[in-house]
Amino acid sequence: MSNLLQNTSLWNWDVLEGRNTSHAPSWELEPVPVIIINPWDVLLCVTGTLMSCENAVVIALIAYTPTLRAPMFVLIGSLAFADLLAGLGLILNFIVTYIIDSGFVTLLSAGLLITAFSASVLNILAITVDRYLSLYNALTYHTERTVTFTYITLVLLWATSATLGSLPVLGWNCLEDESTCSICRPVNKSNAAALAVSFLLIFALILQLYLQICKIAFRHAQQIAVQRQFMTASHSSSTTKGVSTLTTILGTFAFCWVPLAMYSLVADTRFPVIYTYATALPAICHSIINPMIYAFRNPEILRSLRIACCGCMPYRFTMRPRTPSDV
């Protein structure tokens, strides 16, 4: 997205026409290349830096806290690693665009970004499945079987993401035919359309799972109400808060990713590039929001963060009870 422009000042034109050529050093006769940097690319690079730092903190907290080894924290750590790779991919893409300018390195950069963002979306799906199973199979959730299932899921999702990311390098690109480019060069139209359709299917599955989670939560609330002949105000508030949290998660995910997916299906390189940036930036920023939704809202991770930051922890925080909204 950069343009390499030549310095066509009046003095240089005079040189080319044969005027003012006396006593002029040879090095002054050559035009000086000027690199015009797109502010949107700078914004994406800064976003990638913030994304990498934030998710690196999450990974460090999970890695160095022995109590954070449950399947839920493994999935959160995998999500943070995917978003960390996405941030590094944005930084690499900026370097490739303005410094290296190599076709093969461009394909590697695009492959890294596709792998990272695909893994991010698939990890969110895996976290949603884990939350559903923790409610649906509450009695058997904390078993070795769940741990095995979690690691198998991680292997499959990362293998799928790596496969999708390798497609541009294996030939699914538009470097030889610019007319087949999608809005995200060097990804071609068919590859971009396949990724967009896959995302929409994943989003539909996540939506269905969260609807089932809400049904299970309300069913549990009704069962407790029948047993106690009434529902306490605190339990009703916790259930309402949990549903509100799920709505926020789904709404944020849809707002950030659906516009880019829909735009990828209908647009190509003939459309103004500003539309691409406008739809891609929210999707990229979702990797900044992910730690706030899935990591820093968790009491155990937040406790570890406080210990790491100040080495102390308020007593009332350590005794904070878990609520359905934490799930």
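Look up a bit, the structure's there.
Just so you know, these numbers come straight off a predicted model, no measurement behind them. (Residues numbered from 1 in each chain as written. Predicted model: local features only at pLDDT ≥ 70, side-chain atom pairs only at ≥ 80, totals over all residues. Heavy atoms only, no water.)

Q: Teacher, can you tell me more about the pattern of salt bridges here?
A: Side chains that differ in sign of charge can pair as their charged atoms come close. Applying the stated criterion to the full structure yields 3 salt bridges. Lys189 is the partner of Asp268 in a salt bridge, and the nearest nitrogen-oxygen pair spans 3.9 Å. Placement of the pair is Asp268 in the loop between helix H7 (233-266) and helix H8 (273-295) and Lys189 in helix H6 (residues 189-228), with a sequence separation of 79 residues. Among the residues examined, Lys189 registers a relative accessible area of 36% and is labelled partly exposed. Within the structure, one salt-bridge network assembled from shared partners comprises Lys189, Asp268 and Arg270. (Salt bridge = Lys/Arg side-chain N within 4 Å of Asp/Glu carboxyl O. Helix = DSSP H or I, 4+ residues; strand = E, 2+ residues; numbered from the N terminus. Buried < 20%, exposed > 50% of the residue type's maximum accessible area, 1.4 Å probe, protein only.)

Q: Any chance you could explain helix H9 (residues 299-310) here in plain terms?
A: Structural remark: α-helix, 3.6 residues per turn; residues separated by three or four positions point the same way. Look at H9: 16 Å from first C-alpha to last across 12 residues, which is about the 16 Å you get at 1.5 Å a residue. Taken as a whole, H9 has its buried residues at Pro299, Ile301 and Ser304. Between the side-chain oxygen of the N-cap and the backbone nitrogen of Glu300 there are 2.9 Å, and the N-cap of H9 in question is Asn298. (Expected span 1.5 Å × (residues − 1). Polar contact = N/O pair within 3.5 Å; in protein donor to acceptor, adjacent residues only side chain to side chain.)

Q: In this structure, what is going on with a nonpolar patch on the surface? I would like to understand it.
A: Judged by side-chain polarity, Ile35, Ile37, Val42, Val46 and Leu50 come together as a nonpolar surface patch covering roughly 420 Å² of accessible area. At 3 residues, helix H2 (residues 39-63) tops the list of elements feeding residues into the nonpolar patch. The residue Leu50 is located in helix H2 in this model. Residue Leu50 is classed as exposed on the basis of its relative accessible area, which comes to 53%. (Patch = residues over 30% accessible without salt bridge, like charges linked within 9 Å, V, L, I, M, F, W, Y side chains within 5 Å. Areas by Shrake-Rupley, 256 points an atom, 1.4 Å probe, with all protein chains shown as cover.)

Q: Looking at this structure, how should I read unusual backbone geometry?
A: At the junction of Arg185 and Pro186, the peptide bond is cis and its omega measures out at 10 degrees in the coordinates. Its location among the elements puts Pro186 in the loop between helix H5 (144-166) and H6.

Q: Help me understand the packing of aromatic side chains in this model?
A: Here the distance between the centres and the angle between the planes together describe a pair of aromatic rings. Per the counting criterion, the structure on display carries 11 aromatic pairs. Taking 5.0 Å as the distance between ring centres and 45 degrees as the angle between the ring planes, the aromatic pair formed by Phe94 and Tyr98 counts as tilted. Taken together, the residues span about one helical turn, with Phe94 and Tyr98 both in helix H3 (residues 71-100) at a distance of 4 residues. With relative accessibility at 10%, the residue Tyr98 sits in the buried group. Measuring from centroid to centroid gives 6.5 Å for Tyr263 and Tyr275, while their planes differ by 90 degrees, and the two rings are edge-to-face. Placement of the pair is Tyr263 in helix H7 and Tyr275 in helix H8, with a sequence separation of 12 residues. Of the residues examined, Tyr275 reaches a relative accessible area of 45% and is grouped as partly exposed. Through successive ring pairs, a cluster of aromatic residues spans Phe117, Phe199, Phe203, Phe253 and Trp257. (Phe/Tyr/Trp six-rings, centres within 6.5 Å; stacked < 30°, edge-to-face > 60°.)

Q: Explain the side chain of Asn290 to me, please; I cannot follow it from the model alone.
A: With respect to the helices and strands, Asn290 occurs in helix H8. If sequence neighbours within four positions are ignored, Asn290 has contacts with Leu79, Asp83, Ser120, Ile124 and Ala295. (Contact = heavy atoms within 4.5 Å.)

Q: So what exactly am I meant to see when it comes to the packing of H3 against H5 here?
A: A pair of packed helices is characterised by two quantities: the angle between their axes and the separation of those axes. At a minimum axis distance of 9 Å, the contact between H3 and H5 shows a crossing angle of 15 degrees. On the basis of their axis angle, the class for H3 and H5 is roughly parallel. Considering only the axes of H3 and H5, their crossing is right-handed. Contacts from Pro71, Val74, Leu75, Ser78, Phe81, Ala82 and Leu85 of H3 reach H5 at Thr146, Val147, Thr150, Tyr151, Leu154 and Trp158. (Axes fitted to C-alpha atoms, helices over the stretch in contact; angles between N-to-C directions. Parallel < 35°, antiparallel > 145°, perpendicular 65-115°, else oblique. Left-handed = near helix turned anticlockwise from the far one by under 90°.)

Q: Mind showing me how you'd approach the state of the cysteines here?
A: Any covalent bond linking the sulfur atoms of two cysteines counts as a disulfide. Throughout the structure, instances matching the rule amount to 1 disulfide. Here Cys174 engages in a disulfide with Cys181; their sulfurs sit 1.9 Å apart. The chirality of the disulfide connecting Cys174 with Cys181 is right-handed, given an S-S dihedral of about 90 degrees. As far as the burial class goes, Cys174 and Cys181 line up, both buried. No disulfide involves Cys285; its nearest neighbouring cysteine sulfur is the one of Cys256, lying 7.3 Å away. By relative accessible area, Cys285 is classed as partly exposed at 26%. (Disulfide = S-S within 2.5 Å.)

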